[in-house]
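# Close look at the chain arrangement
Here is how the chains run, residue by residue.
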Amino acid sequence: MRRSLWAATLTALMTVAACTGGSTASPGGGGASGSPAGGGGASGSPAGTGGTGFDPNSIEGDLVMSGWSAGAVEAPILEQLLEDFQVAYPNIKVRFEPVAGEYPAAMAAKFSAAEPPDLFYVDSSLAPTWIDDDLLEPLDEYLAKSGFDVSQFYDGYLNAFKGPDGEIFGLPKDGNTLAMAYNTAMLEEAGVEPPTTHEELVAAADALKANGVEAPLCLSSTMDRALAFVYQNGGSLFNEDKTAATIDSPESVAGIDWYLNLFKNGQGQRPADLGVDWCGQALGEEKSAIIFEGGWVDPYMTDTFPEVEYAWAEMPEGAGGKATLAFTVSYSIGADSKNKDASWVLLSYLTGTEGMTTWTEGGVANPSRKDVEGAAGKEILIDGAEYARPWSFIPGFSEFNDAFNNAFTAALEGTGGAQEVANATKEAIDSNLQ
Amino acid sequence: MADAGRVRRPSPFGAGSERRSELIAAYALIAIPIALFLVLNIGSILYALYISFWEWTTRPREIIGIANYQEILSDRVFQRSVTNTIYYAALVVPLQMALGLFLAVVVNQKIRGQTFFRAAFYFPAIASSAAITVLFIFIMSPGGLFNEVRSLLGLNPVFQLLGFGPEHNWVGNSSTALNSIILLNAWTTSGTMMLFYLSFLQTISREVYEAAAIDGAGPWQAFWKITFPLLKPGHYFVATVSVIGALQLFDQAIIAGGSGGEPANSLTTMVLYLYREAIREFHFGYAAAVGIILFVIIFGATLVQRRLFGQAPSW
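## Points about the overall build of chain A
- On a plain count of helices and strands, chain A comes out with 19 helices and 11 strands.
- For chain A, contacts bridging at least 24 residues in sequence account for 74% of all contacts bridging at least 6.
- Only carbon and sulfur atoms are counted for the fraction: they give 50% of the accessible area of chain A, which is about 17100 Å².

The following block contains the structure:
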């Protein structure tokens, strides 16, 4: 059956010609190795003549940058950041167009119409899907041309945006790690030191419980927390090159089992069972003494529970050593952007030392670069990035993430155990590895 | 489509210029909604059918025939979503219909405050389902109003017998999540169903009831022997609308269980599954195939109902 015939009839019928924009894109081929720099610049292509020369000041263009809408605290800082850029590069005009509502859904429509913003946020967990679909421009040539040094980014953040062959499809705009936040007074009352190992954590929870804290730990029953403990136990979700699931390895299953037991032995409870929306609220309402969250807890606590005193400590160490998860978001250039050179100038400014310092010095976000000092009091969360592992895996993330979460909830309700959680997750991963 | 091919019949266009211009105006007026319908509804369905044979992400990749369908039908999460959706429809539709009919009969009586009751019963239908669902989750949470009230009323022993502890998380526990949403939706949609039934009730002639009264029929008999059977076209209409709505359950499911259909996939419905594949994973070809399967199921269910309730009776 002739595809073109079909396409012609149907598009005529539809008028929604948008989706056919990409027409005969062959998988993999086009985007990855394609010509990023040369053809890109709509207005002022800086002449690829020199080979190494890339003069950002000679580039002009009108850029649209998109992300989800910044909160009330972040918005003015982002505005300041873009104003600074405007002063430094007056030839490039930037318009920030936040996406209201569900970000991936809105972006899917823009990608399908081949009209993405020039520069936009990419959540680390979605990056593999978007990279696989050739939606993001590889940055390697730009990095080489302009001599941009990526070695200053923490691996846990940068690796989230690497393609299967190691090309870089985005630079982390900031980053967050999981750490342990604890209520100082509650621990003191129970005579407990902040735990540093799994054994100490269990002992601390038991001591707190004996001291009248009904749910010493607030624990999310989701993979975005449990996996940190699986890593600490020496387990993992994938092998090194992400070609096989390892969530059913003995270490991984033992890690899941250990985390499950925190619930089963009454050391921890889920937020919903504590009548709160998330563990930050459990810390604020002093329902739990210890939670495992990231830097987003700080502004929340300052706003909502300023009187509750808490402190940060590293995630406890398990049989497999120290481990935590790295959550981050990149700035990436749309493969269909018509202003790639100018976008690169903006991207390199925002993720360079100057831009990132402006962005993070007030403490709304933590730097993803080692050479940018974050705000005071954020040391634990920032330093965790030294050994944090990226929250970024393979395309199909939401399927195995949901599989883990649903099986874990079932296990908490008494249907199945750690092995079943591992099996369900592995099954969902395998269906995406084919 | 318009009967353009049958112009050879002399009547419509030959019968005077006035009638002719009326007809042209009529077809012109029909043309706009029909064109929109063809493009937006039929066109979308055909287009979805087309891309369902593709590996299609945000752009077309390659034609893979029925591979999407094979993969979907063997996917366990999809199978779960189908059983969830059918279970939901099987329970919520009769509940909605019974509740709607009951309310319609009640407010159809000549009682004081009739208008107030009609408005009050219809109210949940006009409130935002998102807002209602969020409130419902609060009310049904472990420390929520529902658990507090049943404890105050001393009903906990009864619930204990049924296996529910005093702090049961109704929407957060996989054994009760879907049933809770069923009860919620039966209530929120009952107003709309009432409205439908009310309009059908008012088509039943008063004389039939008068004749029955003369023959000595009580209200109970009148309902079962007259009202219920004469409402047959009403049942067909309400059941069809309600089944279609039920098979498309999405908003309450995603608000209560997130896009993962938590807890333990108990709230994964077919549309939620479709949504996740399309929006989270950009598997548009695959998601289109899910949509086509859903279309076939809904279409089949409607045909079955036509069989059950038959044609409109001729009275």
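## A look at the overall build of chain B
- Looking only at helices and strands, one finds 15 helices and 2 strands in chain B.
- Expected size for 315 residues packed as a compact globule is a radius of gyration near 20 Å; at 25 Å, chain B overshoots this value by more than 25%.
- Expressed along its principal axes, the backbone C-alpha trace of chain B runs to roughly 80 × 70 × 30 Å.
- By the burial criterion, 39% of the 315 residues in chain B qualify as buried.
- Here the contacts in chain B between residues at least 6 apart in sequence split such that 66% fall between residues at least 24 apart.
- Only carbon and sulfur atoms are counted for the fraction: they give 69% of the accessible area of chain B, which is about 17000 Å².

## Points about the domain arrangement of chain B
Residues and elements named next belong to chain B.
- Here chain B is partitioned into domain 1 (2-52) and domain 2 (70-309).
- Just the C-alpha atoms count here: the centres of domain 1 and domain 2 sit 36 Å apart.
- Facing 5 residues of domain 1, the contacting portion of domain 2 comprises 6 residues.
- Taken as a group, Ile45, Ile51 and Ser52 account for 74% of the area that domain 1 buries against domain 2, more than any other trio of residues on that side.

## A look at the interface of chain A and chain B
- Opposite the 45 residues of chain A that make contact, chain B presents 37 residues.
- Between chain A and chain B, the buried area comes to about 3500 Å², and carbon and sulfur atoms account for 51% of it.
- Where chain A packs against chain B, one counts 6 salt bridges.
- With a closest N to O distance of 3.3 Å, Glu102 of chain A and Arg280 of chain B form a salt bridge.
- Residue contributions to the side of chain A that touches chain B peak at 8 residues, all from helix α18 (residues 397-412) of chain A.

## What to know about the packing of helix α4 (residues 76-107) of chain B against helix α9 (residues 177-201) of chain B
Residues and elements named next belong to chain B.
- Contact geometry of α4 with α9 gives a least axis separation of 6 Å together with a crossing angle of 45 degrees. Taken together, α4 and α9 sit at an angle that is classed as oblique. Crossing hand, α4 versus α9: right-handed.
- Taken together, the residues of the contact of α4 with α9 break down into 23 nonpolar, 7 polar and no charged.

## Structural notes on the nonpolar core
- Formed by 64 residues in total, the largest nonpolar core has its most connected members in Met65, Trp130, Leu171, Trp344, Leu346 and Leu350 of chain A.
- For this core, the element with the most residues is helix α15 (residues 340-350) of chain A, which contributes 7 residues.
- Residue contributions to this core reach at least three from each of two domains, namely domain 1 (2-52) and domain 2 (70-309) of chain B.
- Discounting residues that sit within four places of it in the chain, Trp344 of chain A has contacts with Phe54, Leu139, Tyr142, Leu143, Ser146, Phe148, Leu171 and Ile333 of chain A.
- Grouped together as the second largest cluster of nonpolar side chains are 55 residues, Ala190, Val192, Leu227 and Val253 of chain A included.

## Considerations on the side chain of Asn176 of chain A
Residue and element names in this part refer to chain A.
- One can find Asn176 in strand β4 (residues 171-177).
- Within the structure, Asn176 has its side chain in polar contact with the side chain of Asn366 (distance 3.5 Å).
- If near-sequence neighbours (up to four positions away) are discounted, Asn176 is found in contact with Tyr157, Gly294, Gly295, Trp296, Leu325, Ala326, Phe327, Asn366 and Leu381.

## Thoughts on the state of the cysteines
Residue and element names in this part refer to chain A.
- Enumeration according to the criterion identifies 1 disulfide over all chains in this entry.
- Between Cys218 and Cys279 runs a disulfide, and the two sulfur atoms are separated by 2.1 Å. Between Cys218 and Cys279 the disulfide shows an S-S torsion of about -75 degrees. By sign, it is left-handed. On the criterion of sequence distance, the pair formed by Cys218 in strand β6 (residues 217-218) and Cys279 in helix α13 (residues 279-284) is long-range, its members being 61 residues apart.
- Under the relative-accessibility criterion, Cys218 is labelled buried at 1%.

## Some points on a negative patch on the surface
Residues and elements named next belong to chain A.
- A contiguous patch of negative charge on the surface is contributed by Glu188, Glu189, Glu193, Glu199, Glu200, Glu286 and Glu307.
- Elements with a minimum of two residues in the negative patch: α9 (184-189) and α10 (198-210).
- Within the secondary structure, Glu199 is located in helix α10.
- With relative accessibility at 60%, the residue Glu199 sits in the exposed group.

## Here's the deal with the environment of Ala323 of chain A
All names here are of chain A.
- Along the chain, Ala323 falls in the loop between β9 (310-313) and β10 (325-333).
- The exposure class of Ala323 is buried, given its relative accessible area of 2%.
- Sequence-distant contacts of Ala323, defined by excluding residues within four places in its chain, comprise Ala228, Tyr231, Gln232, Met315 and Tyr387.

## Here's the deal with unusual backbone geometry
- Going from Glu262 of chain B to Pro263 of chain B, the amide bond is cis rather than trans, its omega being -5 degrees.
- Notably, Glu286 of chain A is not glycine yet its phi reads approximately 55 degrees, a positive angle.
- As for its placement among the helices and strands, Glu286 of chain A is situated in the loop between α13 and β8 (290-293).
- Phi at Ala264 of chain B is positive, roughly 50 degrees, even though this residue is not glycine.
- Within the fold, Ala264 of chain B resides in the loop between α13 (251-257) and α14 (270-280).
- The exposure class of Ala264 of chain B is buried, given its relative accessible area of 11%.

## A closer look at the sheet that holds strand β5 (residues 179-183) of chain A
Residue and element names in this part refer to chain A.
- Strand order in the open sheet formed by 5 strands is β7-β6-β8-β5-β9, and the pairing between neighbours is mixed. Every interior strand has two partners, whereas the edge strands, β7 (268-269) and β9, have only one.
- With 4 bridges connecting them, β5 and β8 associate as antiparallel partners. Bridge pairing in β8 places Ala181 opposite Ile291.
- α10 contacts β5, β6 and β8 of the sheet and is inclined by roughly 135 degrees relative to β8.

## Things to note about the packing of aromatic side chains
- As enumerated under the stated definition, the model contains 59 aromatic pairs over all chains in all.
- When the ring of Trp220 of chain B is compared with that of Trp224 of chain B, the centres are 6.1 Å apart and the planes differ by 75 degrees; the resulting orientation is edge-to-face. You can see Trp220 of chain B and its partner Trp224 of chain B sitting in helix α11 (residues 219-230), 4 residues apart, about one turn around the helix.
- You can call Trp220 of chain B exposed: its relative accessible area is 64%.
- On the accessibility criterion, Trp224 of chain B (42% relative accessible area) is partly exposed.
- We note Lys173 of chain A situated over the ring of Tyr121 of chain A; from NZ or CZ to the ring centre the distance is 4.6 Å.
- Looking at Arg389 of chain A, its charged tip hangs above the ring of Tyr231 of chain A, at a distance of 3.7 Å from the centre.

## Topic: the pairing of strand β1 (residues 61-66) of chain A
Residue and element names in this part refer to chain A.
- Taking burial as the measure, the 6 residues of β1 include 5 buried ones, the bulk of the element.
- Relative to strand β2 (residues 92-96), β1 is paired through 5 bridges, and the arrangement is parallel. Pairing of Asp62 across the sheet is with Lys93, part of β2.
- For the crossover that starts at β1, traverses helix α4 (residues 74-88) and ends in the parallel β2, the hand is right-handed.
- Where β1 meets strand β3 (residues 119-123), 2 bridges bridge the pair, whose relative direction is parallel. Its bridge partner lying in β3, Ser66 is registered against Phe120.

Quick notes on the rules
Residues numbered from 1 in each chain as written. Chains lettered and ligands numbered in written order. Predicted model: local features only at pLDDT ≥ 70, side-chain atom pairs only at ≥ 80, totals over all residues. Heavy atoms only, no water. Helix = DSSP H or I, 4+ residues; strand = E, 2+ residues; numbered from the N terminus. Contact = heavy atoms within 4.5 Å. Areas by Shrake-Rupley, 256 points an atom, 1.4 Å probe, with all protein chains shown as cover. Rg over C-alpha atoms; globule rule 2.2 N^0.38 Å. Buried < 20%, exposed > 50% of the residue type's maximum accessible area, 1.4 Å probe, protein only. Domains from an automatic or database assignment. Buried area = accessible area lost by both parts, 1.4 Å probe. Salt bridge = Lys/Arg side-chain N within 4 Å of Asp/Glu carboxyl O. Axes fitted to C-alpha atoms, helices over the stretch in contact; angles between N-to-C directions. Parallel < 35°, antiparallel > 145°, perpendicular 65-115°, else oblique. Left-handed = near helix turned anticlockwise from the far one by under 90°. Nonpolar A, V, L, I, M, F, W, Y, C, P; charged D, E, K, R; others polar. Core = buried A, V, L, I, M, F, W, Y, C linked by side-chain atoms within 4.5 Å. Polar contact = N/O pair within 3.5 Å; in protein donor to acceptor, adjacent residues only side chain to side chain. Disulfide = S-S within 2.5 Å. Patch = residues over 30% accessible without salt bridge, like charges linked within 9 Å, V, L, I, M, F, W, Y side chains within 5 Å. Lys, Arg positive; Asp, Glu negative; His and termini not counted. Charge placed at Lys NZ, Arg CZ, Asp CG, Glu CD. Pairing = 2+ DSSP bridges. Phe/Tyr/Trp six-rings, centres within 6.5 Å; stacked < 30°, edge-to-face > 60°. Lys NZ or Arg CZ within 6 Å of the ring centre and 35° of its normal. Right-handed = clockwise from strand over helix to strand, strands pointing away.

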